[in-house]
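A closer look at the structure
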Amino acid sequence: MAASIMSCSPATTESLIIQLHSIDAVKFGDFTLKSGIQSPVYFDLRVMISHPKVMVDVANLLWGKISSCNFKSLCGVPYTALPIATLMSASHDVPMLIRRKEAKGYGTKKLIEGTFSEGDVCMIVEDVVSSGSSVLETAESLQAAGIRVTDAVVLLNREQGGPEKLAANNIKLHSIFTMNDVLSVLSSAGKMSPEMVDRVTKYIAENKFKPDQQVPSAVKPKVLTYAERASQCTHSVSRRLLKIMEQKKTNLVLSADVTKSKELLDLVDKTGPHICMVKTHADTLDDFCDDFVEKLKQLSNKHNFLIFEDRKFADIGNTVVHQFSGGVHRISDWADVINAHTVPGAGVVQGLQKVAQGKDIGCLLIAEMSSAGNLATGDYTQVTVKIAEENPDFVIGFICLSKLSSNPALLHMTPGVQLKEGQDALGQRYLTPQEVISNRGSDIIIVGRGIYGASDPTEAARQFQIAGYDAYLARLS
Ligand code: S5P
């Protein structure tokens, strides 16, 4: 085996840290991390891929750490560690395995790609370890395929419980440096001001994992109450909705999918005290008219709920402008909340927002769907979240099956809810309020047939209100 990949002079940990700083892979300032935590230091090791020499140095240092370990293959955790593992594999003639993020929906449905035999030992390669979850997930997939994992190697150990969590699962973590190492190298090299050294030292101390903690407090952010979130919302509609939820103690949206306006109005009047919002499909009403809209608005004032028209706009910007403001339904005249698919790209949001200008209307993006076999998954969901985060003046949240964003201003609303899990004859899948709110971190349950299909819709709405709110209280505690 070659001693190291071609490199003029072998890097040391110190020289690598200085190189990483010079390419902005480590930055100092004011950053909001994905978890919502404010941090004076930010690592973006992905930029390494644009610096081949740095990649080679990283691969050589990682190899140096594990050369005495016993393993048959390497598996890099996507994405940054994948090319690093490739460099290590190629220069030391050690085969690689790749763990897919999701099993293929066709063919072999394999989660692990590459050749292996049961009982082989695989070394996991990662760029950063915080709590250790991503290494553990990779290890679990490998183990499920019969591969043994005894060690993992990482460039940066953030000292937030990773080694402890992995050790508890019989995996030894080898690391090149910690946050404190970065700090001491960069401060000795005069790359940080004394004030910044103080700030980062304090941050590291406060966010360091203490063995008696299950998960470091910084990794597990506090769950905010609806009222606390209302105060963090810049959009008037999400603020109003969260305040109603707190006041009326309900996270229940009634999906009033009946076809006669009188029936709908009666249903809403009966269930009004138990809901924070009513969801309509105006185009399924046989007798939609202005008088219906007027009466629905009166009920929304009487019972204090918002009106959500579930039109699911899904066309180019120019077309949705007319669909939203015109036609028979003139939705922009009466809806507080609307929703859109992101299939057309961000233009659909821009078109709708043009109409909503100057009106109090918030838009939900359909990031996930409840129906079996739907295509709103993976990258599609991620891009939808990004579009939402980029349009805070109009987008107030998602239709989704679980929490997708840690931004407290974005609301997560989940349809496909019944008191028992199951499926209807046309592919609708149901989860319970407890599963949706407590386990999956959603904020709101959307219930249709579970209420209007019940013999006593008022009592059913009351039961969903209690189940949804209790699940929220359980999440808070
Ligand atoms: O993915 C989705 C998105 C929506 S908005 N799945 C859904 O079921 N919905 C809507 O929620 C659907 O159009 C219907 O109005 C409601 C669910 O009704 P239920 O009778 O199955 O509770």
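Please refer to the structure higher up on the page.
Criteria and cut-off values
Residues numbered from 1 in each chain as written. Predicted model: local features only at pLDDT ≥ 70, side-chain atom pairs only at ≥ 80, totals over all residues. Heavy atoms only, no water. Salt bridge = Lys/Arg side-chain N within 4 Å of Asp/Glu carboxyl O. Helix = DSSP H or I, 4+ residues; strand = E, 2+ residues; numbered from the N terminus. Buried < 20%, exposed > 50% of the residue type's maximum accessible area, 1.4 Å probe, protein only. Pairing = 2+ DSSP bridges. Axes fitted to C-alpha atoms, helices over the stretch in contact; angles between N-to-C directions. Near = heavy atom within 4 Å. Polar contact = N/O pair within 3.5 Å; in protein donor to acceptor, adjacent residues only side chain to side chain. Areas by Shrake-Rupley, 256 points an atom, 1.4 Å probe, with all protein chains shown as cover. Nonpolar A, V, L, I, M, F, W, Y, C, P; charged D, E, K, R; others polar.

1. Remarks on the pattern of salt bridges
- For the structure shown, the criterion picks out 22 salt bridges.
- With a shortest N-O distance of 2.9 Å, K53 and D57 are connected by a salt bridge. Of this pair, K53 and D57 both sit in helix α2 (residues 52-66), 4 residues apart, roughly one helical turn.
- Its salt-bridge partner being D266, residue K262 comes within 2.8 Å of it at the nearest N-O pair. Of the two residues, K262 and D266 both sit in helix α10 (residues 261-271), 4 residues apart, roughly one turn of that helix.
- Taking relative accessible area as the criterion, K262 reaches 57% and is therefore assigned exposed.
- When salt bridges with common partners are traced through the structure, they connect D290, R330, D333 and K359 into a single cluster.

2. Observations regarding the sheet that holds strand β18 (residues 444-447)
- Read around the closed barrel, the 8 strands follow the order β9-β10-β11-β12-β13-β14-β15-β18; overall the barrel is parallel. If you compare each strand with its neighbour and ignore which way they point, the axes differ by 30 degrees on average.
- Where strand β14 (residues 395-399) meets strand β15 (residues 411-414), 3 bridges bridge the pair, whose relative direction is parallel. Pairing of F398 across the sheet is with H412, part of β15.

3. Structural notes on the site of the ligand
- Near the ligand lie 15 residues; those nearest to it are D257, K279, S370, Y430 and R449.
- Side-chain polar atom of D257 to an oxygen atom of the ligand: 2.7 Å apart, as the coordinates give it.
- With the chains in place, 91% of the 490 Å² that the ligand exposes on its own is no longer accessible.
- When its residues are assigned to classes, the shell around the ligand shows 5 nonpolar, 5 polar and 5 charged.

Functional significance is not addressed by these values, which are geometric in nature.
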